[in-house]
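Commentary on secondary and tertiary structure
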Amino acid sequence: MKTRADLAFAVIQPGLEAVLVDELGSLGISARPTEGGALFEATPGALHAVHLHGRTPTRVWVRLGSFSATHLDALAKGVQRLPWRRFVHRRQDLAIRVSTHHSRLRFRDRISKKVRHAVRDALRSAPARRSPPHAALVLVRVVNDRVEISVDASGDALYRRGWRTEVGDAPLRENLAAAVLRLVGWRGHEPLVDPMCGSGTFCVEAATVCQARPPGIRRSFAFESWPEHDAAAFSKAKAKARRLASSELDVDIVGADSAEDAIAAARANAGRAGVARHVQFARTDVRDLVAPPTPGLVVANPPWGERLPNANRAYRSLGLALRQRFVGWRVAVLVPHMSVLSRLGLRLERVAQFRAGGIRVSLCTGRVST
């Protein structure tokens, strides 16, 4: 049985694993892609870096170990041998998620109950420290009679930056917006325009990228309550992250939307993120949008057929505006199916496919030409 808790699994939407590995590499973390995420060594420094600076992951799990079990008693014995004292307090509540596939361990409620009791037995002689108010989230995966146990390092999902409380219809999560920007190579060196900005996710995320603002600097994480957490080391990591951040912005970031409530939400979100004076939001129909003088990136998440009855007209209006006033600009557009590209009238190619809002979407990119 493997019991060393030296691997972490960073979660991302399937289809975006390469983006996550690329970002982890930029943080000095060697990772390898696997379905739905990436594996890396769970050192304290790596966990600190991912949670403070990682923009694309949804959550990070630390793997406690894996073992074979075909019945509940074997499951309990395997669970008891794992290093729970490093991650869970003796009296801390447990929240257990169970998934099982092609295994003789099939009943999730029985598995959850058995794991809970086994963890309690393993912690019976642990120091009776003051327990955190939140439960420790434990993931139990059983595939082909192989049990894998992990503990959550993140707490709330990592896409929750803390600034987006105002949302529109079918908003794009912050980490997916960050993944799109990274996929198309936008690093803050060129202007960015979102002509259908909704609640402003692309624009606000882009502004924080430009300023090197750590997305996790204003929130707490589950690993901070672990019994062996080094609070002093994490405090130093946060202090360093704050020193690297800048308050300047050297490129134009523009968001537009025809809906007044969307623009109000976008401005409120930008204010909470501390970038309100750096992002220009305007209530403007896409047909009237004026391009900044220097070409850059147009990024858009147009309304899909499921979201808006007149989506076809929105695509045609967007394509016309781009061809008329954004010649030479790069374009990145999320579409629910490739057939809608004909309505844009642009030559774009698909570079990624993933699920957003429960719908599989394609990211298509290209350049507006005459």
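For the structure itself, consult the block above.
What you see is a predicted model; the values in this text were computed from it and never measured.

Some details on the pairing of strand β2 (residues 31-34)
- For β2 and strand β3 (residues 37-41), the ladder comprises 4 bridges, and the chain directions are antiparallel. The partner of Pro-33 across the bridge, within β3, is Ala-38.
- In textbook terms, the turn of a hairpin is the stretch between consecutive antiparallel strands, and for β2 and β3 this stretch comprises 2 residues, one of which, Gly-36, has a positive phi near 80°.

What to know about the sheet that holds strand β7 (residues 146-152)
- As summarised here, the arrangement of the 7 strands in space is β2-β3-β1-β4-β7-β6-β5, forming an open sheet in which the pairing is mixed. What marks the edges here is a single partner per strand, and that holds for β2 and β5 (94-101). On average, each strand axis in the sheet is tilted by 30° relative to the strand beside it, whichever way the strands run.
- Examined bridge by bridge, strand β6 (residues 136-143) and β7 share 6 bridges and lie antiparallel to one another. Within β7, the position partnered with Arg-141 by the bridge is Glu-148.
- Of the strands in this sheet, β5 and β6 are in contact with helix α4 (residues 108-122), which crosses β5 at around 135°.

Concerning the sheet that holds strand β14 (residues 359-367)
- One open sheet accounts for 7 strands, arranged β10-β9-β8-β11-β12-β14-β13; its pairing is mixed. The open sheet has two edge strands with one neighbour each: β10 (280-283) and β13 (349-356). In this sheet, adjacent strand axes meet at a mean angle of 20° when their direction is disregarded.
- The sheet contact formed by strand β9 (residues 253-257) and β10 spans 4 bridges and is parallel. When the sheet's bridge partners are listed, Ala-256 is paired in β10 with Ala-282.

The rules behind these values
- Residues numbered from 1 in each chain as written.
- Predicted model: local features only at pLDDT ≥ 70, side-chain atom pairs only at ≥ 80, totals over all residues.
- Heavy atoms only, no water.
- Pairing = 2+ DSSP bridges.
- Helix = DSSP H or I, 4+ residues; strand = E, 2+ residues; numbered from the N terminus.
- Axes fitted to C-alpha atoms, helices over the stretch in contact; angles between N-to-C directions.
- Contact = heavy atoms within 4.5 Å.

Keep in mind that these numbers describe shape and distance, not what the molecule does.
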